[in-house]
Amino acid sequence: MSVQSLLSYALTVPELKAGQKFYTTFGLSSGERDGVLAFRCDGRDQDQVFLVEGRKKRLNHVRFGSDDKGIAAIRARMQQRGIKEIDAPHNAFGGGLWLQDPDGHPINVRPESPKPWRSAPAFAINSPGHYQRAGQRGAPDRHAARPHRLGHVLLHTPRLDQMVAFYIDVLGMKISDRVPGIISFLHLPGGGDHHVIALLADARAGFHHASFEVASPDEIGLGAQQVMGAGYKNGWGFGRHVLGSNFFHYLRDPWNSLAEYFCDIDQIPADGSWRPGDHPPQDSLYLWGPEPGDFALNFEEA
Ligand SMILES: [Fe+2]
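Predicted, not measured: the structure shown is a model, and the values here were computed from it. (Residues numbered from 1 in each chain as written. Predicted model: local features only at pLDDT ≥ 70, side-chain atom pairs only at ≥ 80, totals over all residues. Heavy atoms only, no water.)

Colleague: I keep staring at the sheet that holds strand S6 (residues 97-100) and nothing clicks. Help me out?
Modeller: Working definition: the strands of a sheet are paired by backbone hydrogen bonds and lie parallel or antiparallel to each other. One open sheet holds the 7 strands; their spatial order is S2-S3-S4-S1-S5-S7-S6, and the pairing between them is mixed. Two strands close off the open sheet at either side, each with one partner strand: strand S2 (29-33) and S6. Put simply, the sheet's adjacent strands are angled 25° from each other on average, direction ignored. Each of strand S5 (58-66), S6 and strand S7 (106-111) touches helix H2 (residues 68-81); the most contacted strand, S6, lies at about 35° to it. (Pairing = 2+ DSSP bridges. Helix = DSSP H or I, 4+ residues; strand = E, 2+ residues; numbered from the N terminus. Axes fitted to C-alpha atoms, helices over the stretch in contact; angles between N-to-C directions. Contact = heavy atoms within 4.5 Å.)

So, in structure tokens, the structure goes:
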């Protein structure tokens, strides 16, 4: 019994307007809730990102969904380990169970189910022996990329092993794959995306990126074009990861953290048949794509 879904994340940022412009350019819709900005994906009745004003950019919290039984089990494991409950970092975020991970990030687990997200047509490609789109043009009309859902959050951490242990032993997540000493990918106990939390070793804690699912590689390209066309910095992409297998393109937000468009991420079955692997360092980042440049750097202020 444990967390069952990733619901949202919140950032503290020095300028709400700048954050609103970035995330709406990225393809999310914004609204206001009790003095904080909330962002949603079209067709999904669920807040996925919150922005709160504060002195410098940092992760405000990560919110998971569970049920009463799951929350009671997490609370019991906290008691065994002497982990205290904390107050919500902002009145707008009250409710559910609040605790801190070993890096001090506030974590909220609340009795809430993830809301359905809109589906997309299957992505059909012509490949040797499988010309499945005969008679149809493949290039879509030009259109704005609109993410379907939040997929995962990646954090820098100076205590990788402790953080992994917390997310597994206290919150009940499972390891998907890892590059020992460098990065660990964690999935939900009920399966689903290859990772909803990833932890990257660094000298300092920090928010690295959050990732949003789009319908196809075309949507990744169209999205990157719309964000860079609005004057934002390229992060890294277009490419394909090894661990998770997703196609990706990352864009820099106004504070040098990243928002990622992804599609085609590996799905982990709920039956426990996935075998986590230890992978070589070269698999940490990508199978192919441009040189990563400053992609993996931690830009969070000390
Ligand atoms: Fe990612």
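Colleague: Mind showing me how you'd approach H2 here?
Modeller: Side chains three or four residues apart in an α-helix point the same way, a direct result of the helix having 3.6 residues per turn. Between its first and last C-alpha, H2 extends 20 Å over 14 residues, near the 20 Å set by a 1.5 Å rise per residue. Downstream of H2 by one or two residues, Gly-82 has phi in the positive range, about 70°. (Expected span 1.5 Å × (residues − 1).)

Colleague: Honestly, the pairing of strand S1 (residues 5-13) in this entry has me stumped. Any pointers?
Modeller: A regular strand places its side chains on the two faces of the sheet in alternate fashion. Where burial is concerned, most of S1 is hidden: 9 out of the 9 residues are buried. With 7 bridges connecting them, S1 and S5 associate as antiparallel partners. Directly across from Ala-10, in S5, lies its bridge partner His-61. (Buried < 20%, exposed > 50% of the residue type's maximum accessible area, 1.4 Å probe, protein only.)

Colleague: Explanation requested: the packing of aromatic side chains in the structure shown.
Modeller: The geometry of two aromatic rings is summed up by the distance between their centres and the angle between their planes. Tallying each qualifying case throughout the model produces 19 aromatic pairs. Judged by centre distance (5.4 Å) and plane angle (45°), the ring pair of Tyr-23 and Phe-39 falls under tilted. With Tyr-23 in helix H1 (residues 16-26) and Phe-39 in strand S3 (residues 36-40), this residue pair connects regions lying 16 residues apart in the sequence. Accessibility expressed as a relative area gives 0% for Phe-39, which makes it buried. When the ring of Trp-236 is compared with that of Tyr-250, the centres are 6.2 Å apart and the planes differ by 15°; the resulting orientation is stacked. One end of the pair, Trp-236, is in strand S16 (residues 234-240); the other, Tyr-250, is in strand S17 (residues 247-252), and 14 residues separate them in sequence. Both residues of the pair, Trp-236 and Tyr-250, count as buried. Of the aromatic side chains, those joined through ring pairs into one cluster are Tyr-9, Phe-22, Tyr-23, Phe-26, Phe-39, Phe-207, Phe-212, Tyr-232 and Tyr-261. For the cation-ring pair, Arg-149 lies above Trp-117, with the distance from its terminal atom to the ring centre recorded as 4.8 Å. (Phe/Tyr/Trp six-rings, centres within 6.5 Å; stacked < 30°, edge-to-face > 60°. Lys NZ or Arg CZ within 6 Å of the ring centre and 35° of its normal.)

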